[in-house]
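Residue-level listing of the chains:
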Amino acid sequence: MVRFRRSSPSALTIRPFELADAAATYAVFYAAVHQSTSAHYSEAQREAWVASPEPSDAWRDRLADHITYVALRDEQTLGFASLNHSGYFDLLYTAPTAQREGVATLLYVATLNDPRATTPLLETEASYLSRPFFAHHGWQDHGPQTIMRRGVSLTNFKMSRAHPYL
């Protein structure tokens with residue numbers, strides 16, 4: 001467990017995902033998609049991206065199977081990051097109230113510093129919102145792609161980079 005101090009008097013804790021974090025991480029995911037991406041994605045696209053405000057067991061299992069870290073302050077989940085074992089950065093989300101506070105960067109660094117993160121090539125499919133974050137961290141943008149979710153098309157960006165810590 002790592003503690004960081006930012007502008008808030010309370011410490012930000014970055015720690016590995018626990019099964020009990022499933023509901024709170026999903027709430028961050030749902031809020032981030034539905035509130036933070038509205039400038040880039042329509043309501044129909046956001047609903048297709050994540051329809052239900054309630055997580056499934058598959059959500060918990062997905063995060064448990066990956067290298068996943070959670071950011072907390074005063075026991076409130078502010079964000080999470082998830083990297084699968086083949087080097088795909090699957091999820092990196094912060095609560096709308098915690099964006100632009102460095103939470104995503106701390107989660108990104110913790111995830112890539114995990115001893116299990118040994119894949120030399122990293123890949124992701126970044127949203128319009130996360131694309132500048134990954135570019136800032138040295139990821140190469142391979143251009144837009146259209147994906148289908150629940151019959152609705154969404155644009156994201158294939159990106160990759162060499163693992164910075166190997």
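Presented here is an overview of the structure given in this document. In this text the structure is predicted, and so the values were computed from the model without any measurement. (Residues numbered from 1 in each chain as written. Predicted model: local features only at pLDDT ≥ 70, side-chain atom pairs only at ≥ 80, totals over all residues. Heavy atoms only, no water.)

1. Points about the packing of helix α1 (residues 22-36) against helix α3 (residues 57-65)
- Viewed as axis vectors pointing N to C, α1 and α3 meet at an angle of 100°, and their least axial separation amounts to 10 Å. In terms of orientation, α1 and α3 fall into the roughly perpendicular class. Contacts between α1 and α3 involve A22, T25, Y26 and F29 on the former and, on the latter, W59, R60 and L63. (Axes fitted to C-alpha atoms, helices over the stretch in contact; angles between N-to-C directions. Helix = DSSP H or I, 4+ residues; strand = E, 2+ residues; numbered from the N terminus. Parallel < 35°, antiparallel > 145°, perpendicular 65-115°, else oblique. Contact = heavy atoms within 4.5 Å.)

2. Examining the pattern of salt bridges
- What the rule picks out here adds up to eight salt bridges.
- One salt bridge in this structure joins D57 and R60, with 3.5 Å as the shortest N-O distance. Of this pair, D57 and R60 both sit in helix α3, three residues apart, which is roughly one turn of that helix.
- Measuring nitrogen to oxygen at the nearest pair gives 2.8 Å for the salt bridge that ties R62 to D90. Residue R62 is found in helix α3, and its partner D90 is found in strand β5 (residues 89-94); the two are separated by 28 residues along the sequence.
- A residue is classified by how much of its surface remains accessible, and R62, at 31% relative accessible area, is partly exposed.
- Linked through salt bridges whose partners overlap, the residues forming this network are R15, E18 and D21. (Salt bridge = Lys/Arg side-chain N within 4 Å of Asp/Glu carboxyl O. Buried < 20%, exposed > 50% of the residue type's maximum accessible area, 1.4 Å probe, protein only.)

3. Brief notes about helix α4 (residues 103-113)
- The buried count for α4 comes to eight of 11 residues, which makes it a mostly enclosed element.
- Those residues of α4 lying buried are V103, A104, L106, L107, Y108, A110, T111 and L112.

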